[in-house]
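# Analysis of the macromolecular model
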Amino acid sequence: MEPPAPVQEEKDAFGVPSGNPLAKVWALCNQPGTPTLNPRFAPDCGRAVPENALEKNFYKILRQLSTLSQSWLDMEASAAQARDEADAAAAAARAETDNAEAPSQSDQAEPVDAPIEETAKAEPSLVSDQAETDDKPEGTAIQETVPPAPLDVDEMAQVLVSGDGMVVWMLLLPPSGNGRRLSVADGEALLRDANVTVGIDQDALQAIFDNKTYFCLCPVAWGTPPICGKDGWTEDHFQRNFVRGMGNTDTGTVDYRAQSNVQAISKDAVICDIYPPVEGIAGLRVDGVAVPPPPVKEAAVPAGSNTVLSEDGTKLLAGIDGFLEFRGNLFEVKNLLNITSDVDYSTGNIDFRGDVTIRGDVREQFSVKATGNITIDGLVEAATVEAGGDVVISNGVSGNGQAVIRGNHVRAKYVENSTVFADTLEADYILSSRISCTDSILASGSRGAIIGGEVIAAKNIKASRVGSQSGSPTEIILGVQPKLREELNANRKQLMNIRTESSELVKRVAYLKNRMERSRPDERSIKKIQAAELRLSQLAEDGASLLSCQRMLMEQLNGLAHCRLESGLVYPGVRLTIGGVSQNIEAAINKCVAVFDAEEHNIKFV
């Protein structure tokens, strides 16, 4: 039957059940208080017992000590019985001695003249005894039988090894009577018998037998526990539980529009670093057996969709541009951002690498930027929308003179009081806006009108009607590509700078050469001439490259033969410019088709 659970009376001390043999020994030795197993040892041996070691090994230790204690009790009982028997034998001897003295007195009362022979015949033993007595010197006592000395219980010790082999205790039980005391050599022999060969603390062992601390679990040997390794781990460069950040203005106030709605990420950006596991160090039990450290695990890599490992396996990278999410213990990169509400203070500005879909409106003073396409189901107010791809606005743009739309192909229901930069633009109507397209503009649909503002296209403009009956000023410009014009102007400026610098260098070289002809050549002047000629050579190459680029730009800008305005009706008040030629429309033109006549260098209506 398993003993009752240990009762912890004080830190690291556990009560011994009252019926246990150890408790009986405790009582017989007149120990104070209730019997306990206490691993604390008065002398500081410099090492601590592992935490909860006694609690973990309590029942094992109790069983072993019960066996030792029962042996002590058995030997004490035998010694007590021997003492009782010795006492009884001594009492019997004293009684026999007393009985032996009584017959000698009756013998003195018999008549003196009794014949000696008869007396000898009647009690021969008595005569013999008397004869022996008579032979002894006077005053010598009769020798009694001495019983054997009573047995004593020797001092006992028990070596107790923890189940994990990491700590060894030794417990002493006191001797009884004149029992033999144990020595350090006895303790060492007990340790050898228990196969304890490693980690023995000789000072602790010596203290046990010097101090004779009985009934105390004294630690005498320690193993070396294994040092745990470390599982592989990751260090994130992005938040797993993303918290939207706030933007600050130059004045230190919070810009709520600049809140980050998502974690934007670029292709090949490092999501997290991956570290290999660190192996542990083996330990050693008190019996000399090695204890391997717990096994370590590889890092759990949170690789989700659109993520890749680096070649060396030490980094998790984004496989595409997009935004990063952490779901189901995995990082995922998504290239489609779906905003199910308006873009307002609840979302902040959007700046995303990938495609963006907005189910609501883009409110005033907010911005949406994406490297991919942008699709807006609602309305764009006085906001900024910039896409690396196309822009589709289902309900149009009402810009209040502040909206800016940029994209490759822009399609909107209408564009009012806004600025649009695109390759091509399609809208039901365009009202009082500034439009600049590198290709074409199409105003189709039920209204198909371009009214007011400035509309520029490099190639074609097509609408149902241009201008209005009220004569709203409307500027239509064809054949001008602003980007090309800017590049051409920059090209020309660089060429002018090259020509100016080259002219100065030519003059300087001529001066130096002329001076050297009049006087003795010097090394310093020669080096200056060489450096100037080298620079002239570089400028000549740069100039040639710029001239070639300029010719290409001019060819693109001079492709006026393909420029064309088509409209069912053009109202007065429209100013039409193709290339460098402009014409004001004075009267309404039905079914207008305007092109550039290269021969006449004029606008032609066909």
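Residues numbered from 1 in each chain as written. Predicted model: local features only at pLDDT ≥ 70, side-chain atom pairs only at ≥ 80, totals over all residues. Heavy atoms only, no water.

## Describing the overall build of the protein
To keep it simple, the criterion reads: Secondary structure elements are taken from DSSP: a helix is a run of H or I of four residues or more, a strand is a run of E of two residues or more, and numbering for both begins at the N terminus. Relative accessibility decides the category of a residue: with a 1.4 Å probe and only protein chains considered, values under 20% of the type maximum give buried, values over 50% give exposed, and everything between is partly exposed. For accessible areas, the Shrake-Rupley method is used with a probe of radius 1.4 Å. Any residue's cover is judged against the shown protein chains and nothing else.
A count of helices and strands for the protein gives eight helices and 33 strands. Counting all 606 residues of the protein, 37% fall into the buried class. Of the roughly 34,000 Å² that the protein leaves accessible, carbon and sulfur atoms contribute 50%.

## Points about the side chain of Ser 567
Short version of the rule: Whenever two N or O atoms come within 3.5 Å, that pair is a polar contact, provided that in protein one can donate a hydrogen and the other can accept it, and provided that, for residues adjacent in sequence, both atoms are side-chain atoms. Pairs of residues are marked as contacts when any of their non-hydrogen atoms sit within 4.5 Å.
In this fold, Ser 567 is placed in strand 29 (residues 564–570). There is a polar contact of 2.9 Å between the side chain of Ser 567 and the backbone oxygen of Leu 569. With sequence-adjacent residues up to four places away left out, Ser 567 is seen in contact with Ala 463, Ser 464, Arg 465, Val 466, Lys 591 and Cys 592.

## Description of the sheet that holds strand 17 (residues 330–334)
The line we're drawing: Two strands qualify as a pair provided DSSP detects at least 2 bridges between them. Angular values range over 0 to 180 degrees, each being the angle between N-to-C directions of two axes fitted as lines to C-alpha atoms, with helices fitted over their stretch in contact.
Taken together, three strands build an open sheet; the order of strands is 10-16-17 and the sheet is antiparallel. Strand pairing shows two members of the sheet lacking a second neighbour, strand 10 (263–265) and strand 17, which therefore form its edges. On average, each strand axis in the sheet is tilted by 40° relative to the strand beside it, whichever way the strands run.

## Notes on the packing of aromatic side chains
Note the cut-off: Two rings belonging to Phe, Tyr or Trp (six-membered ring only in the last case) form a pair when the distance between their centres is within 6.5 Å. Interplanar angles under 30 degrees mark stacking, angles over 60 mark edge-to-face geometry, and anything in between is tilted. Two thresholds decide whether a charge sits over a ring: the Lys NZ or Arg CZ must be within 6 Å of the ring centre and within 35 degrees of the ring normal.
The final tally for this structure, using the stated rule, is six aromatic pairs. The cationic tip of Lys 230 hangs over the ring face of Trp 233; the distance from NZ or CZ to the ring centre is 3.9 Å. Geometry around Tyr 429 places Arg 447 over its ring, the cationic atom sitting 4.0 Å from the centre.

## Some details on the pairing of strand 26 (residues 449–457)
With seven of nine residues buried, strand 26 lies mostly within the body of the structure. Pairing analysis gives eight bridges linking strand 25 (residues 397–443) to strand 26, with the strands arranged parallel. Within the sheet, the bridge partner assigned to Cys 437 lies in strand 26 and is Ala 457. Relative to strand 27 (residues 460–466), strand 26 runs parallel, the two sharing two bridges.

## Considerations on helix 1 (residues 21–28)
Among the residues of helix 1, those classed as buried are Pro 21, Leu 22, Ala 23, Val 25 and Trp 26. Measuring from the side-chain oxygen of the N-cap residue of helix 1 to the backbone nitrogen of Leu 22 gives 2.9 Å; that N-cap residue is Asn 20. After helix 1 finishes, the residue Asn 30 shows a positive phi value of roughly 55°.

## Topic: the packing of helix 5 (residues 184–193) against helix 6 (residues 202–211)
We count it as follows: Throughout this description, any angle smaller than 35 degrees is read as roughly parallel, any larger than 145 degrees as roughly antiparallel, any in the 65 to 115 degree range as roughly perpendicular, and the remainder as oblique. The hand of a helix crossing depends on one turn: near helix anticlockwise from the far one by less than a right angle means left-handed, and clockwise means right-handed.
Taken N-terminus to C-terminus, the directions of helix 5 and helix 6 make an angle of 125°; their axes are 9 Å apart at the nearest point. On the basis of their axis angle, the class for helix 5 and helix 6 is oblique. The two elements helix 5 and helix 6 cross, and the hand of that crossing is right-handed. Counting all contacts with helix 5, which are made through Val 184, Gly 187, Glu 188 and Leu 191, the residues of helix 6 involved are Gln 202, Leu 205, Gln 206 and Phe 209.

## A closer look at the confidence of the model for the protein
Applied cut-off: Confidence scores here are pLDDT values: one per residue, from the predictor, ranging 0 to 100.
Summarising the model, the protein shows a mean pLDDT of 81, and 82% of its residues fall at 70 or more. Here residues 41–45 scores under 50 on pLDDT; set against residues more than four positions off or in separate chains, the count is eleven contacts.

## Focus on the nonpolar core
As a reminder, the rule being used: In this description, a nonpolar core means a group of buried Ala, Val, Leu, Ile, Met, Phe, Trp, Tyr and Cys residues linked to one another through side-chain atoms lying within 4.5 Å.
Ranked by internal contacts, the top residues of the largest apolar core, which has 56 residues, are Val 356, Val 380, Ile 405, Ile 435, Ile 441, Ile 461 and Ile 476. In terms of residues, this core owes the most to one element, strand 25, which gives 15 residues. If near-sequence neighbours (up to four positions away) are discounted, Ile 476 is found in contact with Ile 450, Val 455, Ile 461, Val 466, Leu 565, Val 574, Arg 575, Leu 576 and Thr 577. Listed in part, the 26 residues of the second largest apolar core include Val 16, Ala 23, Leu 37 and Met 156.

## Points about the sheet that holds strand 15 (residues 315–318)
Whenever strands of a sheet pair, they do so through backbone hydrogen bonds, lying parallel or antiparallel. Here four strands make up an open sheet; going across it, the order is 7-11-15-14 and the pairing antiparallel. Taken across any chain shown, the strands that pair with only one partner, and hence form the sheet edges, are strand 7 (233–236) and strand 14 (307–309). Pairs of neighbouring strands in the sheet enclose a mean axial angle of 25°, with direction left out of account.

## Considerations on the pattern of salt bridges
Worth spelling out the cut-off: Put simply, a salt bridge is a Lys or Arg side-chain nitrogen that is within 4 Å of an Asp or Glu carboxyl oxygen.
Tallied over the full model, the rule gives 20 salt bridges. Residues Asp 273 and Lys 315 are paired through a salt bridge, measuring 2.9 Å at the closest nitrogen-oxygen approach. Of this pair, Asp 273 sits in strand 11 (residues 270–275) while Lys 315 is found in strand 15, placing the two residues 42 residues apart along the sequence. For Lys 315, a relative accessible area of 32% puts it in the partly exposed group.

## Comments concerning the side chain of Ser 440
Relative to the helices and strands, Ser 440 is located in strand 25. For Ser 440, a relative accessible area of 18% corresponds to the buried category. Within the structure, the side chain of Ser 440 is placed 3.1 Å from the side chain of Asp 439, a separation counted as a polar contact.

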